[in-house]
Amino acid sequence: MDHLDQLEAQSVYILREAYHSFSNLCMPWSMGKDSNVLIWLSKKAFCGKIPYPVLHIDTTYEFPEMLEFREWARKEYDLDLIVKINEDARAGRGTYTQSVGYETHDPVTVTHELKTVALQQVMAERKFDALITGIRRDEDPTRAKERYFSPRNAEFEWDYKDQPPEFWNQFTTAIEPGEHIRVQPLLDWAEVDIWRYIEREKIPIPTMYFARPGDDGKKYRFRSLGCWPITKPVESTASNISEIIAELLVTKTSERAGRAQDHHERNAMQKLRAKGFM
Amino acid sequence: MQTTLEPTKVPTSDISVPTSQKLRIVIVGHVDHGKSTLIGRLFHDTNSLPEGKVEQIRKASELEGMEFEFAFLLDALLEEQAQNITIDTTQLPFRTEKREYVIIDAPGHKEFLKNMVTGAASADAAILLIDANEGIQEQSKRHAYLLSLLGIRQIVVAVNKMDLVGYRQERFEKVRSDYTEFLGKLGIVPQHFVPISAKLGLNITKASPELEWHKGPAILEALEQFQISAPPDDLPLRFVLQDIYRFDERRILAGRIETGSLQVGQEIVFWPDGKSSRVKSIEEWNAPEPPTSALVGESVAITLEEQIFVERGDIGSAPDHGPAEGREIQASLFWLQNDPLPLNVPFTLKLGTQSVEARLVEITRVLDSSTLEPLAGNPGIIHKNEVADVRIRARKPIAFDRHDRISETGRFVIVTGKRIGGGGIIREADYQDEMRLAGAAENLTWTVSPVTRELRAENFGHRGAVLWLTGLSGSGKSTLATGLDYHLHRRGIFSYILDGDNLRHGLCANLGFSAEDRSENIRRAGETARLMAEAGLVVICSLISPFRADRENVRKICHRDGIPFGEVFINAPLDVCEARDPRGLYKRARAGEIKEFTGISSPYEAPLAPELELRTAEHTLENTLLDLTHFAVELSRIPEPQIAEELARGAGI
């Protein structure tokens, strides 16, 4: 087995443990590259049948191309797809006195309301006891200490100072009422592994990841995909996966520089995660 | 969040580095023996530090009037990574020309064991650091012991601060000989002892003239020789079963090959029961063609030739070289949780995917957490951060291996409450199954009360229950009932069949087939079933029982006394049953020879919400029987909290 085989085997093992351990499991799906790898691994784990619902938190600021991809994938993978919008926040009703959106609010607030709160709403409605997420250790310092099976309390809070031990592939699977478990099968994957796996398995992903000419004649691609008002493409000529991988290897140092974001952004990530963001 | 890329830059890094694979190392040792300094050195000497970092720290030290120390580098790195996040860093990467490394779990945690175990359990290699001057100290022992329990076998001992002992070889040799002796007791044989000075950078990346008498490698050279842990490929097969999927007509066994390999067509035996079958296929979604073999480490899905009853937790092996099985294990365990672990209090033991109720029946010795010396007397309890040798008794037989033989199935964790509290490795495993016989003779020390239902359940290893098979004549009730009885018997579950026809020979001999008599017939059968379930048996009732109200009455009788009741609807269309007509009854009913025959001249009220429905006309007997067996096993399973409470009461705790 090569390194990708090992990562795949471990992720499949985790998905199967999760499916066994929880009666009401759900897999949030952003349609991003990691998310699509998770779909793929789920198909592998369960021999073609994904035995849990897949959840898209629709902020209503989705790129049209992403929505097209969503509908394509729903059919292609035979997904039990839940689409959740925080309608109250967008409409400014219920507990909201005004409509929440990028036009009127800062990105941290909007992300919290339209993603985290929407997730909390759907968790309350559907009583999910575990969520399969696509987070990776190498994405962000706050994720480095995560466990494969990571408990969250009723307020979605993560008690990172006192985490249960996790070793020998034995996981925390019992929860208190109101708690849920974040199952994180991609924890050990690095960004480059994700790309290599997509390349090897020929996993369909939105084409926005590949470089296209911009208005200024330069080429751009999206490195991560989120809401359109706050997601900007980066300059890049990588038009296929091999080129993306080559680009990643070359730009290793600047990638680290990119991670050391300014304090506002670093705080933002921490604030969001403390409140339940993935 | 926008990120800037520099796509036009010419590659300078090694583009052939294929993936993120890194050698994971853990650095342990007594406090002040130089862990931070060594880590700072490794970063510095491998050019893994951000540019200008050393100068920055040097200046800062001067301003503070302090001598520069490499330990400051680590502090600075940690501080940088931990900025704005109040968590401690667990992964520090550095790289050499050969490959990448990660130092797991930087030193400095107060919560030593819990975090270190989580990190170090996945380490490929360890550096044990020891001060040349001070020699073996408390943590030199404890950390080494932990490494041995975690099964880390690639170890280099760094004898540090050689500059403070005048680079004397005798001092190094003394430490080496003392520590070798101690480590030997733990079964640890380090690959190398290296004299170093982390502070001065001696023998870190390459041999240093001050220590020219040392003929072995420098630290980094020793690390470069280590392998990224790969699953051993020369061990017998251990296929750990995670689940059984029935998404379509296939019955798929999902699990991981922890050791060995597996081929289509080979015989596979499932433990602890010892049932065997052949591997029919290896299923793989999106594969160009189905694989014919699978190797160590793979998560696979297989189907079997014969439909045997297997369940999650089972360990598959080749016919020979199977695991040991039994109810008792001898183990060494480490305890991480605040609440101590006492004798005789039940917990959940998880080994592979087995999860079984168990308890400590003997604590052979507890080692003091700081000195690693055995505590005097018999403490009868294991406290946080202590390690102990114990005897554990499980409620039912489990399959396992000796840790030094197959570590993947030779280790376990203990769950109390809802969290993992500790882990252990199995020291003894009798592959001749003598342990189970020896264990059976030992009686429970806490049996004091009259024999309650729970205590019966404890003896039986399952609880009494009533399965009520209802359906038309010819639907398959008797066939399934006898098949189920056999399967349960094979699994060590005590069961008995109450058959409608049989009852009418005695207990119900005075009853006819009028609606009234049918009701009384069912009532008597139900009461009898309840009594037998009370006695601890799984009672399989096989009666047409056409009327809903009668069946509901039995359900009530059972539930009134807390007996688990499962209504199983054996569903086959009338025409199918009539075509089967195993005893020619339909023919006689059609001819008018039998009055009030259910389905022909008397109604059958199908269950509205049965606990289980088996469509015998659509599925094979094997598959329906498996579903039924699975259902019966689950119904008779003792619920966890009930056991815990009962045992705790019995133990007087």
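All values derive from a computational prediction rather than experimental measurement.

Chemist: Explain the overall build of chain A to me, please; I cannot follow it from the model alone.
Modeler: If you tally the helices and strands in chain A, you get nine helices and nine strands. In chain A, buried positions account for 59% of the 278 residues. Long-range contacts, defined as pairs at least 24 residues apart, comprise 72% of the intrachain contacts of chain A with a sequence gap of at least 6. A total accessible area of about 10,900 Å² is found for chain A, and carbon and sulfur atoms account for 50% of it.

Chemist: I keep staring at the pairing of strand E15 (residues 324-335) of chain B and nothing clicks. Help me out?
Modeler: Successive residues of a regular strand alternate their side chains across the two faces of the sheet. Residues and elements named next belong to chain B. Most of E15 sits out of view: 10 of its 12 residues are buried. Looking at chain direction, E15 and strand E20 (residues 387-400) are connected through 10 bridges and run antiparallel. Bridged to Leu 333 within E20 is Ala 388. Alignment of E15 against strand E22 (residues 419-428), held across six bridges, turns out to be antiparallel.

Chemist: Can you walk me through unusual backbone geometry in this structure?
Modeler: If a residue is not glycine, its phi is most likely negative; likewise, a peptide bond is most likely trans. All names here are of chain B. In this chain, Trp 271 is followed by Pro 272 through a cis amide linkage whose omega measures 15°. A positive phi is found at Lys 161, a non-glycine position, where the angle reads about 60°. Position of Lys 161 among the secondary structure elements: in the loop between strand E5 (155-160) and helix H6 (169-185). For Lys 161, a relative accessible area of 22% corresponds to the partly exposed category.

Chemist: Hey, could you run me through the nonpolar core in this one?
Modeler: General note: in soluble globular proteins, nonpolar side chains tend to be found buried as a group. Core analysis: the largest hydrophobic core is formed by 66 residues, its most contacted members being Trp 29, Val 37, Phe 149, Val 183 and Trp 195 of chain A. For this core, the element with the highest residue contribution is helix H1 (residues 3-21) of chain A, accounting for seven residues. Ranked by size, the runner-up nonpolar core spans 47 residues in total, among them Leu 147, Val 175, Phe 193 and Ile 425 of chain B.

Chemist: In this structure, what is going on with the packing of H1 of chain A against helix H2 (residues 33-45) of chain A? I would like to understand it.
Modeler: Residue and element names in this part refer to chain A. Direction vectors running N to C along H1 and H2 enclose 75°, while the axes themselves pass 9 Å from each other. With respect to H2, the element H1 is oriented roughly perpendicular. Where H1 abuts H2, its residues Glu 8, Ser 11, Val 12, Leu 15 and Arg 16 lie against Leu 41, Ser 42, Lys 44 and Ala 45. Residue classes in the contact of H1 with H2 are distributed as four nonpolar, two polar and three charged.

Chemist: Explain H1 of chain A to me, please; I cannot follow it from the model alone.
Modeler: Because an α-helix completes one turn every 3.6 residues, residues spaced three or four positions apart along the sequence face the same direction. Residue and element names in this part refer to chain A. For H1, spanning 19 residues, the distance from its first C-alpha to its last is 27 Å, which sits close to the expected 27 Å at 1.5 Å a residue. The buried count for H1 comes to 14 of 19 residues, which makes it a mostly enclosed element. Here H1 starts with a cap whose side-chain oxygen sits 3.1 Å from the backbone nitrogen of Leu 4, and that cap is Asp 2.

Chemist: Quick question: what am I supposed to make of the side chain of Asp 34 of chain A here?
Modeler: Residue and element names in this part refer to chain A. Within the secondary structure, Asp 34 is located in helix H2. Given the relative accessible area of 11%, Asp 34 is considered buried. Apart from residues no more than four positions distant in its own chain, Asp 34 is found in contact with Gly 134, Arg 136, Leu 186 and Ile 194.

Chemist: Could you clarify how one ought to interpret the sheet that holds E20 of chain B in this entry?
Modeler: By definition, the strands of a sheet pair up through backbone hydrogen bonds, in either a parallel or an antiparallel sense. Residue and element names in this part refer to chain B. Taken in spatial order, the six strands close into a barrel running E15-E20-E18-E17-E21-E22, and their pairing is antiparallel. Geometrically, the sheet is characterised by an average inter-axis angle of 45° between neighbouring strands, direction not taken into account. The sheet contact formed by strand E17 (residues 347-351) and strand E21 (residues 411-416) spans three bridges and is antiparallel. Note that in E21 the partner of Lys 350 across the bridge is Val 413.

Chemist: Sorry if this is basic, but what is going on with the pattern of salt bridges here?
Modeler: Between side chains of opposite charge, a pair can form when the charged atoms approach closely. Scanning all chains against the criterion turns up 51 salt bridges over all chains. In this structure, Lys 44 of chain A engages Glu 8 of chain A in a salt bridge whose closest nitrogen and oxygen atoms are separated by 2.9 Å. With Lys 44 of chain A in helix H2 and Glu 8 of chain A in helix H1, this residue pair connects regions lying 36 residues apart in the sequence. Assigned by exposure class, Lys 44 of chain A and Glu 8 of chain A land together as buried. Across the pair Glu 311 of chain B and Arg 491 of chain B runs a salt bridge, and its minimum N-O distance is 2.2 Å. A residue pair is termed long-range when its members are at least 10 positions apart, and Glu 311 of chain B in the loop between strand E13 (299-304) and strand E14 (315-317) and Arg 491 of chain B in the loop between helix H10 (477-490) and strand E24 (495-499) qualify at 180 residues. Taken together, the shared-partner salt bridges connect Asp 2, Asp 5, Glu 8, Lys 44, Arg 200 and Glu 201 of chain A into one network.

Chemist: What am I meant to see in the packing of aromatic side chains here?
Modeler: Two aromatic rings, taken as a pair, are described by how far apart their centres are and by the angle between their planes. The full count for this structure, using the stated rule, is 29 aromatic pairs over all chains. Plain terms: the ring middles of Tyr 19 of chain A and Tyr 245 of chain B are 5.8 Å apart, the flat faces sit at 55° to each other, and that makes the pair tilted. With one member in each of two chains, Tyr 19 of chain A in helix H1 and Tyr 245 of chain B in strand E7 (residues 238-245) form a pair that bridges those chains. Relative accessible area serves as the criterion here: at 27%, Tyr 19 of chain A is assigned to the partly exposed category. Overall, the relative accessible area of 2% leaves Tyr 245 of chain B in the buried class. With a centroid separation of 6.3 Å and 5° between ring planes, the pair formed by Tyr 179 of chain B and Phe 182 of chain B is classed as stacked.

Chemist: Explanation requested: the pairing of strand E11 (residues 275-283) of chain B in the structure shown.
Modeler: Residues and elements named next belong to chain B. Across four bridges, the pairing between strand E10 (residues 267-271) and E11 is antiparallel. Looking across to E11, one finds that Glu 267 is bridged to Arg 278. Remark: three residues form the turn of the hairpin made by E10 and E11, two consecutive strands paired antiparallel; Gly 274 in that turn has positive phi of roughly 85°. Judged from the four bridges that link them, E11 and E13 form a sheet pairing that is antiparallel. Each bridged residue has a counterpart across the sheet, and for Glu 283 the counterpart in E13 is Ala 301.

Chemist: Got a minute to help me understand the sheet that holds strand E6 (residues 180-183) of chain A in this structure?
Modeler: Residues and elements named next belong to chain A. Within the open sheet, the six strands sit side by side as E3-E2-E1-E4-E6-E5. Their pairing is mixed. The open sheet is flanked by strand E3 (81-84) and strand E5 (149-152), the only strands paired with a single partner. Neighbour to neighbour, the strand axes of the sheet diverge by 30° on average, direction disregarded. Pairing geometry for strand E2 (residues 54-57) and E3, over four bridges, is parallel. By the bridge assignment, Val 54 is partnered in E3 with Leu 81. Across the sheet, H1 lies against strand E1 (25-28), strand E4 (130-132), E5 and E6, angled at about 40° from E5, the strand it touches most. Here H2 sits on the sheet and contacts E1, E2 and E4; the angle it forms with E1, its principal contact strand, is near 140°.

What counts and what doesn't
Residues numbered from 1 in each chain as written. Chains lettered and ligands numbered in written order. Predicted model: local features only at pLDDT ≥ 70, side-chain atom pairs only at ≥ 80, totals over all residues. Heavy atoms only, no water. Helix = DSSP H or I, 4+ residues; strand = E, 2+ residues; numbered from the N terminus. Buried < 20%, exposed > 50% of the residue type's maximum accessible area, 1.4 Å probe, protein only. Contact = heavy atoms within 4.5 Å. Areas by Shrake-Rupley, 256 points an atom, 1.4 Å probe, with all protein chains shown as cover. Pairing = 2+ DSSP bridges. Core = buried A, V, L, I, M, F, W, Y, C linked by side-chain atoms within 4.5 Å. Axes fitted to C-alpha atoms, helices over the stretch in contact; angles between N-to-C directions. Parallel < 35°, antiparallel > 145°, perpendicular 65-115°, else oblique. Nonpolar A, V, L, I, M, F, W, Y, C, P; charged D, E, K, R; others polar. Expected span 1.5 Å × (residues − 1). Polar contact = N/O pair within 3.5 Å; in protein donor to acceptor, adjacent residues only side chain to side chain. Salt bridge = Lys/Arg side-chain N within 4 Å of Asp/Glu carboxyl O. Phe/Tyr/Trp six-rings, centres within 6.5 Å; stacked < 30°, edge-to-face > 60°.

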